[in-house]
Amino acid sequence: MTKARTNASASPAVGRNMIINGAMNVAQRGTSVADIGASVILPTCDRWVINPEATAGRVTVTQTADGPNGISANCLKIDCTTADASIASGEQFILEHKLEGQNVQRIGKGVAGAKQVTISFYVKANAAFNFALEFFDADNSRNCSKLFATTTDWVRQELTFPADVDDGSSPFDDDNAASVRLFFWLHAGSDFTSGTLQSGSFANNTNANRAAGIDSILSSTDNNFFITGVQMEVGPVATEFEQENITTTLAKCQRYYYEHAAGANKIISNAAAYDSASAYGEVNFPTAMRAAPTLVVNEIGNGYTFYKNGASDPINDFLLQGATTTAAQLYNESDVSATSGHAGFFWTVNANCLVAFKSEL
(Lines give C-alpha, C1' and ligand atoms only; values in the text may rest on other atoms or scores of the structure.)
Protein backbone atom coordinates (compact mmCIF):
# COMPACT_ATOMS: atom_id res chain seq x y z
CA MET A 1 0.00 0.00 0.00
CA THR A 2 1.38 3.42 -0.97
CA LYS A 3 0.97 6.20 1.54
CA ALA A 4 -0.40 9.43 0.10
CA ARG A 5 1.82 12.47 0.25
CA THR A 6 0.84 14.37 3.39
CA ASN A 7 1.88 17.84 2.19
CA ALA A 8 0.96 18.32 -1.41
CA SER A 9 2.09 21.94 -1.37
CA ALA A 10 5.62 21.18 -0.13
CA SER A 11 8.53 22.33 -2.28
CA PRO A 12 9.92 19.68 -4.63
CA ALA A 13 13.22 18.10 -3.62
CA VAL A 14 14.91 19.20 -6.84
CA GLY A 15 14.71 22.56 -8.57
CA ARG A 16 13.23 24.61 -5.77
CA ASN A 17 16.25 26.95 -5.64
CA MET A 18 15.99 29.73 -8.22
CA ILE A 19 19.53 30.98 -7.52
CA ILE A 20 22.25 29.85 -9.93
CA ASN A 21 25.63 29.00 -8.37
CA GLY A 22 24.45 29.73 -4.84
CA ALA A 23 27.18 27.42 -3.50
CA MET A 24 29.84 29.55 -5.27
CA ASN A 25 31.31 26.42 -6.87
CA VAL A 26 31.72 27.70 -10.45
CA ALA A 27 34.24 30.46 -11.21
CA GLN A 28 34.97 30.36 -14.95
CA ARG A 29 36.60 33.80 -15.00
CA GLY A 30 39.10 32.93 -12.26
CA THR A 31 39.33 32.73 -8.49
CA SER A 32 40.64 36.17 -7.50
CA VAL A 33 40.35 39.74 -8.81
CA ALA A 34 41.85 42.75 -7.04
CA ASP A 35 41.19 46.51 -7.06
CA ILE A 36 37.44 46.26 -7.69
CA GLY A 37 35.20 49.26 -7.07
CA ALA A 38 35.43 51.57 -10.07
CA SER A 39 32.88 49.81 -12.30
CA VAL A 40 30.38 46.95 -12.52
CA ILE A 41 32.11 43.58 -12.89
CA LEU A 42 31.51 39.84 -12.64
CA PRO A 43 34.85 39.07 -11.03
CA THR A 44 34.99 35.44 -9.92
CA CYS A 45 32.00 33.26 -9.02
CA ASP A 46 29.63 33.01 -11.99
CA ARG A 47 26.34 34.95 -11.84
CA TRP A 48 27.54 37.19 -8.96
CA VAL A 49 28.05 40.85 -9.86
CA ILE A 50 29.90 43.57 -7.97
CA ASN A 51 27.90 46.76 -8.56
CA PRO A 52 29.65 49.89 -7.21
CA GLU A 53 28.89 53.56 -7.78
CA ALA A 54 30.99 56.66 -7.03
CA THR A 55 33.03 55.13 -4.21
CA ALA A 56 36.77 55.45 -3.65
CA GLY A 57 36.74 52.13 -1.78
CA ARG A 58 38.34 49.11 -3.39
CA VAL A 59 38.09 45.39 -2.68
CA THR A 60 39.56 42.06 -3.68
CA VAL A 61 36.99 39.40 -4.53
CA THR A 62 37.89 35.73 -4.34
CA GLN A 63 36.31 32.33 -4.61
CA THR A 64 37.56 31.05 -1.25
CA ALA A 65 37.79 27.48 0.04
CA ASP A 66 35.66 28.13 3.11
CA GLY A 67 32.08 27.31 3.93
CA PRO A 68 29.77 25.82 6.55
CA ASN A 69 30.22 22.07 6.84
CA GLY A 70 27.76 20.13 4.71
CA ILE A 71 26.67 23.16 2.69
CA SER A 72 29.57 24.12 0.42
CA ALA A 73 33.34 23.94 0.37
CA ASN A 74 33.44 27.37 -1.31
CA CYS A 75 32.26 30.89 -0.66
CA LEU A 76 32.56 34.32 -2.23
CA LYS A 77 34.80 36.57 -0.15
CA ILE A 78 34.94 40.37 -0.39
CA ASP A 79 37.99 41.89 1.29
CA CYS A 80 38.27 45.68 1.66
CA THR A 81 41.71 46.86 0.50
CA THR A 82 41.04 50.61 0.24
CA ALA A 83 38.67 52.18 2.75
CA ASP A 84 36.10 54.88 2.03
CA ALA A 85 35.00 56.30 5.35
CA SER A 86 33.76 59.59 3.87
CA ILE A 87 30.57 58.48 2.16
CA ALA A 88 29.11 60.79 -0.48
CA SER A 89 25.35 60.78 -0.97
CA GLY A 90 25.29 58.82 -4.23
CA GLU A 91 27.71 56.06 -3.27
CA GLN A 92 26.86 52.39 -3.30
CA PHE A 93 28.61 49.03 -3.15
CA ILE A 94 26.38 46.05 -3.89
CA LEU A 95 26.72 42.33 -4.46
CA GLU A 96 24.06 41.46 -7.04
CA HIS A 97 22.36 38.41 -8.54
CA LYS A 98 19.97 38.64 -11.52
CA LEU A 99 17.22 36.22 -12.55
CA GLU A 100 15.42 35.90 -15.87
CA GLY A 101 11.71 36.58 -15.93
CA GLN A 102 10.89 33.17 -17.35
CA ASN A 103 12.66 31.53 -14.40
CA VAL A 104 10.60 33.30 -11.70
CA GLN A 105 7.07 32.84 -13.01
CA ARG A 106 6.33 30.43 -10.15
CA ILE A 107 6.20 33.45 -7.79
CA GLY A 108 3.13 34.86 -9.52
CA LYS A 109 4.21 38.32 -8.47
CA GLY A 110 2.07 41.34 -9.25
CA VAL A 111 -1.19 39.44 -9.77
CA ALA A 112 -3.84 37.71 -7.67
CA GLY A 113 -2.39 34.62 -6.03
CA ALA A 114 1.12 36.06 -5.70
CA LYS A 115 3.31 34.02 -3.35
CA GLN A 116 5.77 34.78 -0.61
CA VAL A 117 9.45 34.19 -1.31
CA THR A 118 12.10 33.12 1.18
CA ILE A 119 15.77 33.83 0.56
CA SER A 120 18.31 32.10 2.79
CA PHE A 121 22.09 32.23 2.83
CA TYR A 122 25.11 31.58 5.02
CA VAL A 123 27.15 34.65 5.89
CA LYS A 124 29.95 35.83 8.14
CA ALA A 125 32.32 38.81 8.42
CA ASN A 126 35.24 40.02 10.47
CA ALA A 127 32.86 41.71 12.93
CA ALA A 128 29.20 42.43 13.63
CA PHE A 129 27.59 44.41 10.79
CA ASN A 130 24.07 45.17 9.60
CA PHE A 131 23.58 44.87 5.86
CA ALA A 132 20.45 44.69 3.70
CA LEU A 133 19.07 42.35 1.05
CA GLU A 134 16.76 44.06 -1.42
CA PHE A 135 14.35 42.14 -3.67
CA PHE A 136 13.96 44.46 -6.66
CA ASP A 137 11.24 43.88 -9.27
CA ALA A 138 13.02 45.25 -12.34
CA ASP A 139 9.96 44.99 -14.58
CA ASN A 140 7.75 47.18 -12.39
CA SER A 141 10.32 49.11 -10.28
CA ARG A 142 8.97 47.78 -6.98
CA ASN A 143 11.06 46.65 -4.05
CA CYS A 144 11.28 45.35 -0.51
CA SER A 145 14.40 45.20 1.70
CA LYS A 146 15.35 43.22 4.79
CA LEU A 147 18.20 43.89 7.20
CA PHE A 148 20.46 41.02 8.26
CA ALA A 149 23.34 40.81 10.72
CA THR A 150 26.77 39.22 10.52
CA THR A 151 29.00 37.69 13.16
CA THR A 152 32.46 36.16 12.91
CA ASP A 153 30.91 32.69 12.55
CA TRP A 154 28.84 31.23 9.75
CA VAL A 155 25.16 32.02 10.39
CA ARG A 156 22.22 31.11 8.17
CA GLN A 157 19.97 34.08 7.49
CA GLU A 158 16.36 33.34 6.46
CA LEU A 159 14.48 36.32 5.04
CA THR A 160 10.86 36.02 3.90
CA PHE A 161 9.53 38.60 1.46
CA PRO A 162 5.78 39.20 1.34
CA ALA A 163 3.53 38.39 -1.58
CA ASP A 164 3.13 41.39 -3.87
CA VAL A 165 -0.22 41.52 -5.63
CA ASP A 166 0.36 45.19 -6.56
CA ASP A 167 -2.63 46.32 -8.66
CA GLY A 168 -3.22 42.83 -10.03
CA SER A 169 -1.80 43.61 -13.46
CA SER A 170 1.99 43.80 -12.93
CA PRO A 171 3.43 40.33 -13.47
CA PHE A 172 7.05 39.56 -14.24
CA ASP A 173 7.74 39.60 -17.98
CA ASP A 174 7.93 36.03 -19.27
CA ASP A 175 11.18 36.47 -21.19
CA ASN A 176 14.96 36.13 -20.99
CA ALA A 177 15.59 39.61 -19.54
CA ALA A 178 16.30 40.40 -15.88
CA SER A 179 13.05 40.55 -13.91
CA VAL A 180 14.48 40.04 -10.41
CA ARG A 181 17.58 41.78 -9.12
CA LEU A 182 18.76 40.77 -5.67
CA PHE A 183 20.91 43.50 -4.11
CA PHE A 184 23.09 42.76 -1.09
CA TRP A 185 23.72 46.32 0.11
CA LEU A 186 27.15 46.50 1.75
CA HIS A 187 27.79 50.26 1.54
CA ALA A 188 25.60 53.24 0.60
CA GLY A 189 25.29 57.00 0.81
CA SER A 190 22.37 59.05 2.05
CA ASP A 191 20.57 58.86 -1.32
CA PHE A 192 19.82 55.23 -0.35
CA THR A 193 19.83 55.33 3.47
CA SER A 194 18.13 58.56 4.57
CA GLY A 195 14.57 57.21 4.57
CA THR A 196 12.81 54.34 6.32
CA LEU A 197 13.66 50.82 5.17
CA GLN A 198 10.93 49.45 2.88
CA SER A 199 10.72 46.16 4.76
CA GLY A 200 7.13 45.24 5.54
CA SER A 201 5.73 45.19 2.03
CA PHE A 202 6.60 45.88 -1.58
CA ALA A 203 6.18 49.44 -2.82
CA ASN A 204 7.08 51.54 -5.81
CA ASN A 205 10.77 52.30 -5.54
CA THR A 206 11.95 55.20 -3.38
CA ASN A 207 15.74 55.26 -3.36
CA ALA A 208 16.05 56.66 0.18
CA ASN A 209 14.25 53.60 1.58
CA ARG A 210 16.33 50.91 -0.10
CA ALA A 211 19.23 50.48 2.35
CA ALA A 212 18.38 52.48 5.49
CA GLY A 213 20.15 51.17 8.57
CA ILE A 214 23.15 49.45 6.98
CA ASP A 215 26.81 49.59 7.95
CA SER A 216 29.69 49.85 5.46
CA ILE A 217 32.02 47.08 4.33
CA LEU A 218 34.33 49.86 3.13
CA SER A 219 34.75 51.56 6.51
CA SER A 220 38.10 49.84 7.18
CA THR A 221 40.67 47.67 5.43
CA ASP A 222 40.14 45.20 8.27
CA ASN A 223 36.70 44.40 6.89
CA ASN A 224 35.70 41.32 4.94
CA PHE A 225 32.45 39.60 4.01
CA PHE A 226 31.82 35.92 3.19
CA ILE A 227 28.68 34.41 1.64
CA THR A 228 27.59 31.01 0.32
CA GLY A 229 24.61 28.63 0.29
CA VAL A 230 22.27 31.20 -1.23
CA GLN A 231 18.78 29.88 -1.90
CA MET A 232 15.57 31.52 -3.15
CA GLU A 233 12.35 29.53 -3.01
CA VAL A 234 8.61 30.01 -3.01
CA GLY A 235 6.87 30.08 0.36
CA PRO A 236 7.43 31.33 3.91
CA VAL A 237 9.84 28.56 5.01
CA ALA A 238 13.55 28.18 4.29
CA THR A 239 14.13 24.53 3.45
CA GLU A 240 17.48 22.76 3.57
CA PHE A 241 19.98 24.14 1.04
CA GLU A 242 19.56 22.27 -2.23
CA GLN A 243 22.75 20.41 -3.15
CA GLU A 244 23.18 20.42 -6.93
CA ASN A 245 25.46 18.33 -9.11
CA ILE A 246 28.39 20.45 -10.32
CA THR A 247 27.72 19.56 -13.96
CA THR A 248 24.19 20.95 -13.62
CA THR A 249 25.43 24.17 -12.02
CA LEU A 250 28.14 24.61 -14.67
CA ALA A 251 25.62 24.15 -17.49
CA LYS A 252 23.34 26.78 -15.94
CA CYS A 253 26.27 29.20 -15.70
CA GLN A 254 27.34 28.52 -19.30
CA ARG A 255 24.00 29.88 -20.46
CA TYR A 256 25.44 33.32 -19.56
CA TYR A 257 29.20 32.88 -19.92
CA TYR A 258 31.14 30.09 -21.62
CA GLU A 259 34.91 29.89 -21.34
CA HIS A 260 35.85 27.93 -24.45
CA ALA A 261 39.66 28.02 -24.48
CA ALA A 262 42.02 29.54 -21.92
CA GLY A 263 45.79 29.20 -21.64
CA ALA A 264 48.35 27.71 -24.01
CA ASN A 265 48.07 24.66 -26.26
CA LYS A 266 44.28 24.51 -26.39
CA ILE A 267 42.35 23.73 -29.54
CA ILE A 268 39.76 26.37 -30.40
CA SER A 269 38.09 24.86 -33.46
CA ASN A 270 38.59 23.18 -36.79
CA ALA A 271 39.05 25.83 -39.47
CA ALA A 272 39.44 26.33 -43.20
CA ALA A 273 40.92 29.03 -45.41
CA TYR A 274 38.17 30.99 -47.14
CA ASP A 275 40.69 32.70 -49.39
CA SER A 276 44.39 33.55 -49.25
CA ALA A 277 43.95 36.03 -46.39
CA SER A 278 41.19 34.66 -44.14
CA ALA A 279 40.20 31.53 -42.25
CA TYR A 280 36.99 30.53 -40.47
CA GLY A 281 36.10 28.06 -37.75
CA GLU A 282 32.94 27.14 -35.85
CA VAL A 283 32.38 26.73 -32.12
CA ASN A 284 29.37 24.82 -30.82
CA PHE A 285 28.28 25.75 -27.31
CA PRO A 286 27.74 23.02 -24.69
CA THR A 287 24.36 24.53 -23.75
CA ALA A 288 22.06 27.05 -25.37
CA MET A 289 23.04 30.55 -24.31
CA ARG A 290 20.54 33.13 -23.08
CA ALA A 291 20.89 35.14 -26.31
CA ALA A 292 23.33 35.30 -29.21
CA PRO A 293 26.60 36.03 -27.37
CA THR A 294 29.41 38.49 -27.83
CA LEU A 295 33.00 37.32 -28.14
CA VAL A 296 35.50 37.73 -25.33
CA VAL A 297 39.08 37.34 -26.61
CA ASN A 298 42.44 38.42 -25.24
CA GLU A 299 44.27 40.12 -28.11
CA ILE A 300 47.88 38.90 -27.98
CA GLY A 301 50.53 39.39 -30.64
CA ASN A 302 51.09 35.98 -32.24
CA GLY A 303 49.22 34.44 -29.30
CA TYR A 304 47.12 32.15 -31.50
CA THR A 305 47.80 30.20 -34.66
CA PHE A 306 46.10 28.70 -37.71
CA TYR A 307 47.69 25.30 -38.41
CA LYS A 308 47.21 24.11 -41.97
CA ASN A 309 48.95 22.17 -44.72
CA GLY A 310 52.09 21.51 -42.70
CA ALA A 311 52.57 25.14 -41.68
CA SER A 312 51.09 27.71 -39.31
CA ASP A 313 50.08 31.36 -39.42
CA PRO A 314 50.50 33.36 -36.19
CA ILE A 315 47.24 35.14 -35.27
CA ASN A 316 46.68 38.05 -32.91
CA ASP A 317 42.94 37.69 -32.26
CA PHE A 318 39.59 36.65 -33.70
CA LEU A 319 36.32 38.21 -34.81
CA LEU A 320 32.82 36.82 -34.42
CA GLN A 321 30.09 36.36 -36.99
CA GLY A 322 26.87 34.45 -37.37
CA ALA A 323 26.41 33.88 -33.64
CA THR A 324 23.26 32.14 -32.46
CA THR A 325 22.39 30.78 -29.03
CA THR A 326 23.97 27.42 -29.94
CA ALA A 327 26.99 28.18 -32.15
CA ALA A 328 29.17 30.88 -33.67
CA GLN A 329 31.84 31.38 -36.31
CA LEU A 330 35.29 32.70 -35.44
CA TYR A 331 37.47 34.16 -38.15
CA ASN A 332 40.66 36.06 -38.84
CA GLU A 333 41.18 38.04 -42.02
CA SER A 334 44.31 40.05 -41.21
CA ASP A 335 46.99 37.54 -40.17
CA VAL A 336 46.30 34.51 -42.37
CA SER A 337 48.30 33.56 -45.46
CA ALA A 338 46.82 30.41 -46.96
CA THR A 339 45.40 28.71 -50.00
CA SER A 340 41.65 28.80 -50.38
CA GLY A 341 40.06 25.56 -49.20
CA HIS A 342 42.96 24.33 -47.11
CA ALA A 343 41.74 22.83 -43.85
CA GLY A 344 43.34 23.16 -40.44
CA PHE A 345 42.52 24.30 -36.94
CA PHE A 346 42.80 27.32 -34.64
CA TRP A 347 45.04 26.83 -31.59
CA THR A 348 46.21 28.83 -28.56
CA VAL A 349 49.93 29.44 -28.06
CA ASN A 350 50.27 31.96 -25.23
CA ALA A 351 49.44 31.26 -21.57
CA ASN A 352 47.26 34.40 -21.48
CA CYS A 353 45.05 33.34 -24.38
CA LEU A 354 41.30 33.45 -23.81
CA VAL A 355 38.37 32.73 -26.09
CA ALA A 356 34.99 32.98 -24.36
CA PHE A 357 31.39 33.90 -25.13
CA LYS A 358 29.22 36.21 -23.05
CA SER A 359 25.45 36.58 -22.85
CA GLU A 360 25.02 38.06 -19.38
CA LEU A 361 21.86 39.71 -18.11
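Counting restarts for each chain, with residues numbered from 1 along the sequence as it is written. Local features in this predicted model are restricted to residues of pLDDT 70 or higher, and side-chain atom pairs are both shown and tallied only at a pLDDT of 80 or more, whereas totals for entire chains, interfaces and linings draw on every residue. Excluded from the side-chain calculation are hydrogens and water; included are all heavy atoms of the structure.

A. A look at the overall build of the chain. The secondary structure content of the chain amounts to two helices and 22 strands. Dimensions of the chain, computed from the C-alpha atoms along their principal axes, are close to 70 × 65 × 40 Å. Remark: exposure states derive from per-residue accessible area (1.4 Å probe, protein chains only) relative to the maximum for the residue type, with buried under 20%, exposed over 50%, and partly exposed in between. Sorting the 361 residues of the chain into buried and exposed places 48% on the buried side. Here, residues are in contact when the closest pair of their heavy atoms is within 4.5 Å. In the chain, the proportion of contacts linking residues at least 24 apart, taken out of those at least 6 apart, comes to 75%. In the form shown here, the chain has an accessible surface area of approximately 15100 Å², with 46% of it arising from carbon and sulfur atoms. Averaging the locations of the 23 positively and 36 negatively charged side chains of the chain gives two centres separated by 7 Å. Each helix corresponds to a stretch of at least 4 residues labelled H or I by DSSP, and each strand to a stretch of at least 2 residues labelled E; elements are numbered beginning at the N terminus. All accessible-area figures derive from a Shrake-Rupley calculation using a 1.4 Å probe, and residue coverage is judged against the displayed protein chains alone. In this tally, Asp and Glu contribute negative charge and Lys and Arg positive charge; neither His nor the terminal groups of the chain are included. Where a charge sits is defined by one atom per residue type, namely NZ (Lys), CZ (Arg), CG (Asp) or CD (Glu).

B. Structural detail: the nonpolar core. By size, the foremost hydrophobic cluster in this structure holds 42 residues, and its most contacted members are Phe-121, Phe-135, Phe-225 and Met-232. Ranked by residues supplied to this core, first place goes to strand S6 (residues 117-125) with five residues. By size, the runner-up hydrophobic cluster in this structure holds 22 residues, among which are Ala-261, Ile-268, Ala-273 and Phe-357. Among buried residues, those of type Ala, Val, Leu, Ile, Met, Phe, Trp, Tyr and Cys that are joined through side-chain atoms within 4.5 Å constitute a nonpolar core.

C. Expanded view of the confidence of the model for the chain. The pLDDT score gives, residue by residue, the confidence of the prediction method on a 0 to 100 scale. Model confidence for the chain is summarised by a mean pLDDT of 95, while 96% of its residues fall at 70 or above. Confidence over residues 1-11 falls short of pLDDT 50; this stretch has five contacts with residues more than four positions distant or in other chains.

D. Local environment of the pattern of salt bridges. Just to be clear on terms, a salt bridge is a Lys or Arg side-chain nitrogen sitting within 4 Å of an Asp or Glu carboxyl oxygen. Using the criterion set out here, one finds 15 salt bridges in the structure. One salt bridge connects Asp-35 with Arg-58, and the closest N-O pair in it is separated by 4.0 Å. Taken together, the positions of Asp-35 in strand S1 (residues 32-36) and Arg-58 in strand S3 (residues 58-64) put the pair 23 residues apart, joining distant regions of the chain. Arg-58 sits in the buried class, given a relative accessible area of 18%. The salt bridge partner of Arg-181 is Glu-96, with a shortest N-O separation of 2.5 Å. Taken as a pair, Arg-181 in strand S10 (residues 178-188) and Glu-96 in strand S5 (residues 92-100) lie far apart in primary sequence, 85 residues in all. For Glu-96, a relative accessible area of 1% puts it in the buried group. Within this structure, Lys-109, Asp-137, Arg-142, Asp-164 and Asp-166 form a network of salt bridges that share partners.

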